[in-house]
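Residues per chain, in single letters:
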Amino acid sequence: MMEPGLYHMLFISATLFFIGVYGFFTRRNLVTMLMSVELVLNSVNLNFIAFNKYLWYDKMDGLFFTIFVIAIAAAEAAVAIAIIINLYRSHNSIDVENAEELKY
Amino acid sequence: MPNEFFILMKPELVLTGIIFLLLFIKLGKGLKNDTLLLLIQVLLLLNFIGGFFFNKEGVLFDGMYQTSALIALQKNILSLAVYLISLLFADWFKKQEHMPEFFVLMLSAMLGMFFLISSGNLLMFFLALELATIPVAAMANFDLDKKRSSEAAMKMILSSAFSSGILLFGISLVYGSTGSISFAELPGLLNGSPLQILALVFLFSAFAFKLSIVPFHLWTADVYEGSPMATTAFLSVISKGAVAFIFMATLYKVFQPMHEVWYNMVMILSIATMVIGNLFALRQQNIKRFLAFSSIAQVGFILVGLSSNSIEGTTSVVYFILIYVFSNLAAFGVAAAIASNTGKENIDDYKGLYRTNPFLSWVLALALFSLAGIPPTAGFFGKLFLLTAGASKGSFLFITIAALNMIISLYYYLRVIRAVFMDQNDEPIEKIRIEPSAKFALMICGAGIILVGLLSWIYDYIQNLV
């Protein structure tokens, strides 16, 4: 059986990144869009860990970065969900198509 | 040495002190809004004045945090802008039930920007950028009962979350190809390999989101229009200024080995930004949207100066942002005074404003002349230096396009001035009572617009710091 190497990890993380980007552009539900952003952030985490493990195992910057990314992602999600709840109160929907007062 | 820590991190520590003070005042809730606003204004003024003293060059936390005379000056420009905002929007602040929270959010975002300008490491840079954007989304939602405000905040937080995802992917590629995230080590490790170019593209697009450079500008106008006026002014002046400073520092210092790559990127994006910003500004009716697109076009001009990759480039960008602070805040201040008294935000409503409100009309005219770049005002000198710096690279087609764009921009700036001064209107906006503090701030802005251009030592002073 083949040992997973750096390229496998990078392939997974790149796939995850583009699934996230695709989801962000196609989904119309705000919570799903937020989940897509989380996918992007997690792909970044995978990237950092893979680079740290296979290439730069003597430099721990990658691991530290991952910890901070997780913390910041939580903070961002907290503010985003608060805003989405407020949007739901005023629009009675969390579909982006219904938030359309500001145009052109 | 502990002493050095306090001196080098002074701007951040002072700001943190003010934030905590405001939080405690909010807990006590003994003060009325009027007194509290006065207290905040005094604190911000002290913060601005204090920025001139005890500035030292140095590095802290193993290169994570760095400061120099130029960085101290950039922080001072931002402090001045926040002080002016606290004066200009006094009318709106006094009506807010939760005013201290607004300032806590605004100053937290400012703190993030201070760390951003001072960052010497990509980790620090990322944390500071997040601290500088997340509170702004909450500020955009400050008119809780307005539909537009929550829509603007939603657009702001989603686009900024997405752009920080892209930024992080770029940083991870930088780390992967060099093994370092420190600004001091990176220039020696970058060699222009395809992976690093890809990383640069990702980083670049994240910056473009924050600066609203053209392919990534779509959120700007919506967020500007929907948010409260104070947030819009903060976003368009302070947030943009801070990101422009760090963008310049990253390109000039960290990505210096790849400057031929990024020169082309900056040039193409600059042309696109100027052209599209100008063309969309032509058809705007709402004054906030109009100023949003005009600020997009101004960023295009900042990129012209930035492309030069020289001392003149740094000087002209810092100088232009100083002028931009005065001109844009004056324009937003006038718009806010009219909107908070009458609720009118359309350019057509401004017809005949000169007959009833000569002071506001003159300030607005000065601000718009400065944004358009007409000689007696400082905006002319700012743009002149930006284009001269850009021309030093020798791409004259690029500079010609920039100059042509200045002429297009004249059309829409003068359209507003024509509406204010020349158009007839049977029912002009009635005489508006301006808050004394707002009037004072508008006078500072007006004086700044004229004096910064005429006093040539300001430019030399900045150049000596670079």
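## Concerning the overall build of chain A
So, point 1. The number of helices and strands found in chain A is three helices and zero strands.
So, point 2. Each helix and strand of chain A, ordered N terminal to C terminal, gives the series α-α-α.
So, point 3. Taking the principal axes of the C-alpha coordinates as reference, chain A spans close to 50 × 30 × 25 Å.
So, point 4. Burial statistics for chain A: of 104 residues in total, 29% are counted as buried.
So, point 5. Contacts spanning at least 24 positions in sequence make up 51% of the contacts within chain A whose residues lie at least 6 apart.

## Notes on the overall build of chain B
So, point 1. What chain B contains, in helices and strands, is 21 helices and two strands.
So, point 2. The C-alpha radius of gyration of chain B comes to 21 Å, within 12% of the 23 Å expected for a compact globule of 466 residues.
So, point 3. Each of the three principal axes of chain B carries a C-alpha extent, and together these read 65 × 60 × 45 Å.
So, point 4. In chain B, which comprises 466 residues, the proportion classed as buried is 58%.
So, point 5. The contacts in chain B between residues at least 6 apart in sequence include a share of 81% that link residues at least 24 apart.

## Quick word on helix α6 (residues 99-118) of chain B
So, point 1. A rise of 1.5 Å per residue sets the reference length of α6(B), with its 20 residues, at 28 Å; its end C-alpha atoms lie 29 Å apart and thus fit the reference within 8%.
So, point 2. Burial of α6(B) is extensive: 18 of the 20 residues sit out of reach of the surface.

## Focus: helix α2 (residues 10-28) of chain B
All names here are of chain B.
So, point 1. Over its 19 residues, α2 runs 27 Å from end to end, which matches the ideal 27 Å to within 8%, given 1.5 Å per residue.
So, point 2. Turning to α2, its buried residues number three or more, namely P11, L15, I18 and L22. Buried residues in α2, looked at end-on, bunch into an arc of 55°, giving them a common side. Every exposed residue of α2 that faces more than 90 degrees away from the buried side is listed here: G17, F20, L23, F24, L27 and G28.

## Examining the packing of helix α8 (residues 147-178) of chain B against helix α11 (residues 218-226) of chain B
Each pair of packed helices gets described by two things: the angle between the helix axes and the distance between those axes.
Residues and elements named next belong to chain B.
So, point 1. The geometry of α8 relative to α11 is characterised by a closest axis approach of 8 Å and an angle of 145° between their N-to-C directions. Viewed along their axes, α8 and α11 form a crossing whose handedness is left-handed. From α8, R148, S149, E151, A152, K155, M156 and S159 reach across to α11, where they touch W219, D222, V223 and G226.
So, point 2. For the contact of α8 with α11, the residue count by class is four nonpolar, three polar and four charged.

## With respect to the environment of B:D143
Residues and elements named next belong to chain B.
So, point 1. Relative to the assigned elements, D143 resides in the loop between α7 (122-140) and α8.
So, point 2. A count of 19 C-beta atoms within 10 Å places D143 in the partly exposed class.
So, point 3. Each C-alpha atom of the pair D143 and P228 lies 6.6 Å from the other, and the pair is 85 residues apart in sequence.
So, point 4. Beyond its immediate sequence surroundings of up to four residues, D143 is in contact with S149 and P228.

## Some remarks on the interface of chain A and chain B
So, point 1. At the interface, 34 residues of chain A touch 30 residues of chain B.
So, point 2. For the side of chain A that touches chain B, the elements supplying multiple residues, two or more each, are α1 (6-26), α2 (30-54) and α3 (61-91) of chain A.
So, point 3. Residue composition of the side of chain A that touches chain B, grouped by class: 25 nonpolar, five polar and four charged.

## Overview of the confidence of the model for chain B
So, point 1. Overall, the prediction assigns chain B a mean pLDDT of 87, with 99% of residues at 70 or greater.
So, point 2. Interface confidence for the predicted complex, given as ipTM, is 0.92, next to a pTM of 0.90.

## Observations regarding the packing of helix α15 (residues 311-342) of chain B against helix α21 (residues 457-465) of chain B
Residue and element names in this part refer to chain B.
So, point 1. Where α15 contacts α21, the two axes come as close as 9 Å, and the packing angle between them is 130°. One finds that α15 runs oblique with respect to α21. Remark: the crossing between α15 and α21 carries right-handed chirality. In this structure, α15 uses I311, T315, V318 and Y319 to contact α21, whose residues at the interface are Y459, I462 and Q463.

## Focus: the environment of B:I444
Residue and element names in this part refer to chain B.
So, point 1. Tracing the backbone shows I444 in helix α20 (residues 436-454).
So, point 2. For I444, a count of 18 C-beta atoms within 10 Å corresponds to the partly exposed category.
So, point 3. Expressed as a C-alpha distance, the spacing of I444 and F326, which sit 118 residues apart in the sequence, is 8.1 Å.

## As for the nonpolar core
A general trend in soluble globular proteins is that nonpolar side chains are found buried together.
So, point 1. In terms of nonpolar packing, the biggest core is built from 201 residues, with B:A81, B:M110, B:L329 and B:A330 touching the most fellow members.
So, point 2. Looking at this core element by element, the count peaks at 19 residues for α15(B).

## Overview of unusual backbone geometry
Residues and elements named next belong to chain B.
So, point 1. Within the chain, S212 stands out as a residue other than glycine whose phi angle is a positive 50°.
So, point 2. Note that S212 resides in the loop between α10 (194-211) and α11.
So, point 3. Residue N309 is not a glycine yet carries a positive backbone phi of 60°.
So, point 4. Judged by local crowding, N309 falls into the buried class, with 21 C-beta atoms found within 10 Å.

## Points about the environment of B:L455
So, point 1. Counting through the fold element by element, B:L455 comes out in the loop between α20 and α21.
So, point 2. Each C-alpha atom of the pair B:L455 and B:A378 lies 9.5 Å from the other, and the pair is 77 residues apart in sequence.

So, how was this worked out
Sequence order sets the numbering: in each chain, residues are counted from 1 along the sequence as written. Both sets of labels track the order of writing: A upward for chains, 1 upward for ligands. Owing to the predicted nature of the model, reporting of local features is limited to residues with pLDDT of at least 70; listing and counting of side-chain atom pairs is limited to 80 or more, with chain, interface and lining totals taken over all residues. Strands are runs of DSSP state E lasting at least two residues, helices are runs of H or I lasting at least four, and both sets are numbered from the N terminus onward. Counts of 20 or more other C-beta atoms within 10 Å of a residue's own C-beta define buried residues, counts of 12 or fewer define exposed ones, and intermediate counts define partly exposed ones; C-beta atoms are placed from the backbone. Working definition of a contact: two residues with C-beta atoms, positioned from the backbone, lying within 7 Å. Two things to know: the radius of gyration comes from C-alpha atoms, and the globule rule equals 2.2 Å times the number of residues to the power 0.38. The span you would expect from a helix comes to 1.5 Å times its residue count less one. Each direction from the helix axis to a C-beta atom contributes to the arc, which is the arc of those directions. To get an axis, a line is fitted to the C-alpha atoms, and for a helix only the part in contact is used. The angle between two axes follows their N-to-C directions and goes from 0 to 180 degrees. The crossing is said to be left-handed when, going from far helix to near helix, the turn is anticlockwise and less than a right angle, and right-handed when the turn is clockwise. In this classification, the charged set is Asp, Glu, Lys and Arg, the nonpolar set is Ala, Val, Leu, Ile, Met, Phe, Trp, Tyr, Cys and Pro, and all remaining amino acids, among them Gly, are polar. Within a predicted model, pLDDT stands for the predictor's per-residue confidence, ranging from 0 to 100. Roughly parallel means an angle under 35 degrees; roughly antiparallel means over 145; roughly perpendicular covers 65 to 115; every other angle is labelled oblique. Any set of buried Ala, Val, Leu, Ile, Met, Phe, Trp, Tyr and Cys residues joined through C-beta atoms within 7 Å is what this text calls a nonpolar core.

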